Structures are given as C-alpha cells and as structure tokens.
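# Fold and geometry: a report
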Amino acid sequence: MSRIDFDAIAEAISPAQFAQAIGARPNGRAFHCPSPNHAGGDKNPSLSINRKDGRTVAYCHSCGLKGTPVQVLAEVCGLALGDAAERLAALAGVTSSATTMV
C-alpha cells in the first residue's frame, strides 16, 4: 500500500498555500486560527505559519494547535490523515514520485 510522504508535502507547500487550504485569514504577519478550539472564533490573530528547517509548520499561540500541514489540516477540517495528505499533495503538486511504500 502506498502512502503520501508527509515530509514531502511540508517541504513543497508554501505558508500562503497552506493558510489558504485551512481557511486561515491573514492579519498582518499572523493569521486568525480556524481551529474549532476557538469557540467564538480567533478574535486576535494567533496562528503562526512559517518555514522551519525547509518545511512549513504551524502553531497557534492561543489554542495550542500545532504540527505539520497534514496534521493541522486533518484537525481543522476533521479529516483522516490520509485524506488531508491527498488534499495537500494535490495543492502543492506533490506527485506519486514523492510517495513511499509503507
């Protein structure tokens, strides 16, 4: 069975692409976190989406949401990790050559 390489996605997707994929609204240098953990919405932009060690990562300073693009998309949208990976791989242009056999 093949599975999409989560690291390849994190390397390929830009912070802007990722923010758009999760529906994070920009506000200056930060974003409003779309996590369901914000009961009334993230009123102050608390989500950082940056590049670290060549990969896109996210961290919400308010609710604690953090992780790789695949992990964050899965949590925000209520998706299985495999479904989140497929969605981001298509967006980032990660092809089957970036998959690994597991």
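Further up the page is the structure itself.
None of the values given here were measured: they were computed from a predicted structure.

## Examining the overall build of the protein chain
Across its full length, the protein chain carries four helices and seven strands. Taken from the N to the C terminus, the helices and strands of the protein chain come in the order β-α-α-β-β-β-β-β-α-α-β. Each principal axis of the C-alpha distribution contributes one length, and for the protein chain these read about 40 × 25 × 20 Å. Counting the 102 residues in the protein chain, one finds 35% classified as buried. In the protein chain, the proportion of contacts linking residues at least 24 apart, taken out of those at least 6 apart, comes to 53%.

## A closer look at the packing of helix 2 (residues 15-22) against helix 4 (residues 81-92)
One can describe the packing of helix 2 onto helix 4 by two numbers: an axis separation of 11 Å at closest approach and a directional angle of 135°. Judged on the interaxial angle alone, helix 4 and helix 2 are oblique. For the crossing formed where helix 2 meets helix 4, the hand is right-handed. Taken together, the residues of helix 4 that come into contact with helix 2 (itself represented by Gln-17, Phe-18 and Ala-21) are Leu-88, Leu-91 and Ala-92. Broken down by class, the residue content of the contact of helix 2 with helix 4 amounts to five nonpolar, one polar and no charged.

## Remarks on helix 2
Every buried residue belonging to helix 2 is among Phe-18, Ala-19 and Ile-22, and all of these are buried. One side of helix 2 holds all its buried residues, which, seen down the axis, span an arc of 100°. In helix 2, those exposed residues whose orientation departs by more than 90 degrees from the buried face are Ala-16 and Gln-20. As for helix 2, its buried residues are in contact with strand 3 (30-32), strand 4 (47-52), strand 5 (55-60), helix 3 (69-77) and helix 4. Gly-23 sits one or two positions beyond helix 2 and adopts a positive phi of about 75°.

Rules and cut-offs
Residues numbered from 1 in each chain as written. Predicted model: local features only at pLDDT ≥ 70, side-chain atom pairs only at ≥ 80, totals over all residues. Heavy atoms only, no water. Helix = DSSP H or I, 4+ residues; strand = E, 2+ residues; numbered from the N terminus. Buried < 20%, exposed > 50% of the residue type's maximum accessible area, 1.4 Å probe, protein only. Contact = heavy atoms within 4.5 Å. Axes fitted to C-alpha atoms, helices over the stretch in contact; angles between N-to-C directions. Parallel < 35°, antiparallel > 145°, perpendicular 65-115°, else oblique. Left-handed = near helix turned anticlockwise from the far one by under 90°. Nonpolar A, V, L, I, M, F, W, Y, C, P; charged D, E, K, R; others polar. Arc of directions from axis to C-beta.

Shape descriptors only; they carry no functional weight alone.
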